[in-house]
Amino acid sequence: MPWYDTFDALAAARLPRLEILREEPMSRHTTFRIGGPARRFVRPGTAEELAVLLDAAEQEGWPILLLGNGSNMLVRDEGVEALVVHTGALDRVSRTGERVLRAEAGISLARLAVFAQREALSGLEFAHGIPGSLGGAVCMNAGAYGGEMSQVVVSVTAWFPDRGIVRLDREELAYGYRRSVFTGSRGAVLAAEFALEPGDGAAIRSKMDELSRRRREKQPLEYPSAGSVFKRPEGHFAGALIEQCGLKGTRSGGAMVSEKHAGFIVNAGGASSGDVLRLIQRIQQTVKEQTGVELEPEVRLI
């Protein structure tokens, strides 16, 4: 019996309210607007439902992909032979202490930053323009403009296949540059707590607006993309190296190196995952030949 038939039967018995979409195009759910169909696509409404799905996937051997805002990923045109679990409904946030916020994994970083600003709490301004959700940001220690998640996260409620639901303190998160204890594991973030600093709401809003203005000026927000394609190589900036090699505007089918910021590949119209992959390889080869620097992709290939 195919895994998805087993899933359908178990979901009907244990999660009867769960909406199940079949052959759902992933291009509708990624910021690249690229990607073929997911065999099964679901949106759990609570962390408990998510934990049930994760437990069942582990026990039954279902292939599974957790999906937040769909940024920082490139889904193949052939699609995803997996259970795609979209966390968008897990978006609750609350103030739990004088300086502490607690938020669920599916909340967008933009909404989280705005909530903090309205509570006159400072520390999440850098996250306002990052086009992702909390779960992925916590896992990869997302950051921008001198800030990153490791500076503000104090605890994470997570699920691991061998431990179930656990609470991890900051010291247990093993944060590094774009990595954490979740890197390479099958663990999943359910929620996180943040320790922030009291501030002036108007001043926090002004800083967020300034960072948004800088993003609009420097990043190709007018095109679908997955954000920065490559990790920052030690001692260099990927975008500067790519521009130095004369690759701005280079195309492969519908994929193009942004003419505004060379660290971005954009979907200039009808790009396929193959177009993007060929362009990534060309960039890596050219930069290696001309500068000796090896660029490592930050975008996940699914």
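Keep in mind that what you see is a predicted model, and the values were worked out from it rather than measured.

The rules behind each value
Residues numbered from 1 in each chain as written. Predicted model: local features only at pLDDT ≥ 70, side-chain atom pairs only at ≥ 80, totals over all residues. Heavy atoms only, no water. Helix = DSSP H or I, 4+ residues; strand = E, 2+ residues; numbered from the N terminus. Buried < 20%, exposed > 50% of the residue type's maximum accessible area, 1.4 Å probe, protein only. Areas by Shrake-Rupley, 256 points an atom, 1.4 Å probe, with all protein chains shown as cover. Lys, Arg positive; Asp, Glu negative; His and termini not counted. Charge placed at Lys NZ, Arg CZ, Asp CG, Glu CD. Pairing = 2+ DSSP bridges. Contact = heavy atoms within 4.5 Å. Axes fitted to C-alpha atoms, helices over the stretch in contact; angles between N-to-C directions. Expected span 1.5 Å × (residues − 1).

Here's the deal with the overall build of the chain
Within the chain, the secondary structure is distributed over seven helices and 19 strands. Here the C-alpha coordinates of the chain stretch approximately 55 × 55 × 30 Å along the principal axes. When the 302 residues of the chain are sorted by exposure, 51% land in the buried category. As presented, the chain carries roughly 13800 Å² of accessible surface, and 46% of it is formed by carbon and sulfur atoms. If the 37 positive side-chain charges of the chain are averaged to one point and the 38 negative ones to another, these points end up 3 Å apart.

Section: the sheet that holds strand β15 (residues 225–228)
Strand order across the open sheet formed by four strands is β15-β18-β17-β16, with antiparallel pairing between neighbours. Edge positions in the sheet fall to β15 and β16 (251–252), since each has one partner strand and no second. Across two bridges, the pairing between β16 and strand β17 (residues 255–257) is antiparallel. Bridge pairing in β17 links Arg251 to Met256. The sheet strands contacting helix α7 (residues 273–291) are β16, β17 and β18 (264–267), and the helix crosses β17 at an angle near 30 degrees.

Observations regarding the sheet that holds strand β2 (residues 37–42)
In spatial order, the strands read β1-β2-β5-β3; together these four strands make up an open sheet with mixed pairing. Every interior strand has two partners, whereas the edge strands, β1 (20–25) and β3 (64–67), have only one. Between one strand axis and the next, the sheet turns through 35 degrees on average, direction left out of account. Against the sheet, helix α1 (residues 3–14) touches β1, β2 and β5 (80–86), its axis set at about 15 degrees to β2. Across the sheet, helix α2 (residues 47–60) touches β2, β3 and β5, and the angle it forms with β3 is around 155 degrees.

Here's the deal with α2
Look at α2: 20 Å from first C-alpha to last across 14 residues, which is about the 20 Å you get at 1.5 Å a residue. Following α2 by one or two positions, Gly61 has its phi on the positive side, about 80 degrees.

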